[in-house]
Amino acid sequence: MSKVMIEVYSKKGCGKCEAAKDKLCKMGFTYDERELSYYIEPHEGWREDGSVEAMAAHTLMDTLPLIRIGDDFHDYPSAMRTLKTLSRERKDMAVAV
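Treat the numbers as computed from the prediction; the structure is a model and nothing was measured.

A few words now on helix α1 (residues 15-27). Here α1 spans 18 Å end to end across 13 residues, near enough to the 18 Å set by a 1.5 Å rise per residue. All of the buried residues along α1 are Cys17, Ala20, Lys21, Leu24 and Met27. Seen end-on, α1 carries its buried residues on one side only, within an arc spanning 130°. Turned more than 90 degrees off the buried face of α1, the exposed positions are Gly15 and Lys26. Within two residues after α1, glycine 28 carries a phi angle of roughly 90°, on the positive side.

Now the structure itself:
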(Lines give C-alpha, C1' and ligand atoms only; values in the text may rest on other atoms or scores of the structure.)
Protein backbone atom coordinates (compact mmCIF):
# COMPACT_ATOMS: atom_id res chain seq x y z
CA MET A 1 0.00 0.00 0.00
CA SER A 2 1.34 3.43 -0.86
CA LYS A 3 2.25 6.00 1.76
CA VAL A 4 -0.28 8.78 2.34
CA MET A 5 1.12 12.30 1.93
CA ILE A 6 0.06 14.42 4.90
CA GLU A 7 0.97 18.06 5.46
CA VAL A 8 -0.02 20.03 8.55
CA TYR A 9 -0.25 23.79 8.02
CA SER A 10 -0.01 25.41 11.43
CA LYS A 11 1.08 28.47 13.40
CA LYS A 12 3.34 28.68 16.43
CA GLY A 13 1.42 28.61 19.69
CA CYS A 14 -1.66 26.95 18.18
CA GLY A 15 -3.01 24.40 20.67
CA LYS A 16 -5.22 22.63 18.12
CA CYS A 17 -2.25 22.37 15.76
CA GLU A 18 -0.15 20.67 18.44
CA ALA A 19 -3.05 18.35 19.31
CA ALA A 20 -3.45 17.39 15.64
CA LYS A 21 0.25 16.61 15.24
CA ASP A 22 0.22 14.55 18.43
CA LYS A 23 -2.85 12.62 17.26
CA LEU A 24 -1.24 11.92 13.87
CA CYS A 25 1.80 10.45 15.61
CA LYS A 26 -0.37 8.31 17.88
CA MET A 27 -2.27 7.04 14.83
CA GLY A 28 1.02 6.06 13.19
CA PHE A 29 0.97 8.61 10.40
CA THR A 30 4.01 10.66 9.41
CA TYR A 31 3.54 14.21 8.20
CA ASP A 32 5.38 17.28 6.98
CA GLU A 33 4.83 20.45 8.97
CA ARG A 34 4.31 23.72 7.13
CA GLU A 35 4.29 27.21 8.67
CA LEU A 36 0.96 28.60 7.45
CA SER A 37 2.07 32.23 7.44
CA TYR A 38 4.63 31.47 4.72
CA TYR A 39 2.01 29.91 2.44
CA ILE A 40 -0.65 32.60 2.78
CA GLU A 41 1.63 35.55 1.99
CA PRO A 42 2.76 36.32 -1.57
CA HIS A 43 6.39 35.30 -2.11
CA GLU A 44 8.76 34.18 -4.84
CA GLY A 45 7.49 30.92 -6.35
CA TRP A 46 4.09 31.02 -4.62
CA ARG A 47 2.34 29.61 -7.69
CA GLU A 48 4.62 26.58 -7.83
CA ASP A 49 4.97 25.61 -4.16
CA GLY A 50 1.33 24.91 -3.29
CA SER A 51 0.64 28.31 -1.77
CA VAL A 52 -2.32 29.01 -4.05
CA GLU A 53 -4.13 25.92 -2.76
CA ALA A 54 -3.18 26.67 0.86
CA MET A 55 -4.42 30.28 0.53
CA ALA A 56 -7.73 29.12 -0.92
CA ALA A 57 -8.23 26.46 1.75
CA HIS A 58 -7.35 28.88 4.55
CA THR A 59 -9.77 31.48 3.16
CA LEU A 60 -12.59 28.96 2.79
CA MET A 61 -12.12 27.12 6.09
CA ASP A 62 -10.74 29.94 8.24
CA THR A 63 -9.55 27.46 10.86
CA LEU A 64 -6.36 25.88 12.11
CA PRO A 65 -4.79 23.54 11.57
CA LEU A 66 -5.23 22.94 7.87
CA ILE A 67 -4.36 19.34 7.07
CA ARG A 68 -3.64 18.26 3.53
CA ILE A 69 -4.14 14.57 2.83
CA GLY A 70 -3.02 13.76 -0.69
CA ASP A 71 -4.43 16.57 -2.81
CA ASP A 72 -7.29 17.55 -0.47
CA PHE A 73 -7.32 20.08 2.37
CA HIS A 74 -9.28 19.34 5.55
CA ASP A 75 -10.05 21.00 8.83
CA TYR A 76 -9.02 19.03 11.93
CA PRO A 77 -12.27 17.03 12.45
CA SER A 78 -12.57 16.14 8.77
CA ALA A 79 -8.92 15.08 8.58
CA MET A 80 -9.27 12.80 11.60
CA ARG A 81 -12.36 11.13 10.10
CA THR A 82 -10.56 10.61 6.79
CA LEU A 83 -7.43 9.22 8.47
CA LYS A 84 -9.41 6.89 10.74
CA THR A 85 -11.06 5.46 7.63
CA LEU A 86 -7.66 5.05 5.95
CA SER A 87 -6.29 3.41 9.07
CA ARG A 88 -9.17 0.92 9.16
CA GLU A 89 -8.70 0.15 5.46
CA ARG A 90 -5.00 -0.52 6.04
CA LYS A 91 -5.78 -2.90 8.90
CA ASP A 92 -8.38 -4.72 6.79
CA MET A 93 -5.89 -5.11 3.94
CA ALA A 94 -3.22 -6.43 6.31
CA VAL A 95 -5.64 -9.05 7.67
CA ALA A 96 -6.69 -10.08 4.14
CA VAL A 97 -3.08 -10.71 3.12
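As a further point, take the state of the cysteines. Here is the idea: a disulfide is a covalent bond, and it sits between the sulfur atoms of two cysteines. Summed over the entire model, instances satisfying the criterion amount to one disulfide. In this model cysteine 14 forms its disulfide with cysteine 17; the gap between the sulfur atoms is 2.4 Å. When the S-S torsion is 75°, as for the bridge of cysteine 14 with cysteine 17, the disulfide is right-handed. Overall, cysteine 14 belongs to the buried group, its relative accessible area being 14%. By relative accessible area, which is 0% here, cysteine 17 ends up buried.

Criteria and cut-off values
Residues numbered from 1 in each chain as written. Predicted model: local features only at pLDDT ≥ 70, side-chain atom pairs only at ≥ 80, totals over all residues. Heavy atoms only, no water. Helix = DSSP H or I, 4+ residues; strand = E, 2+ residues; numbered from the N terminus. Expected span 1.5 Å × (residues − 1). Buried < 20%, exposed > 50% of the residue type's maximum accessible area, 1.4 Å probe, protein only. Arc of directions from axis to C-beta. Disulfide = S-S within 2.5 Å.

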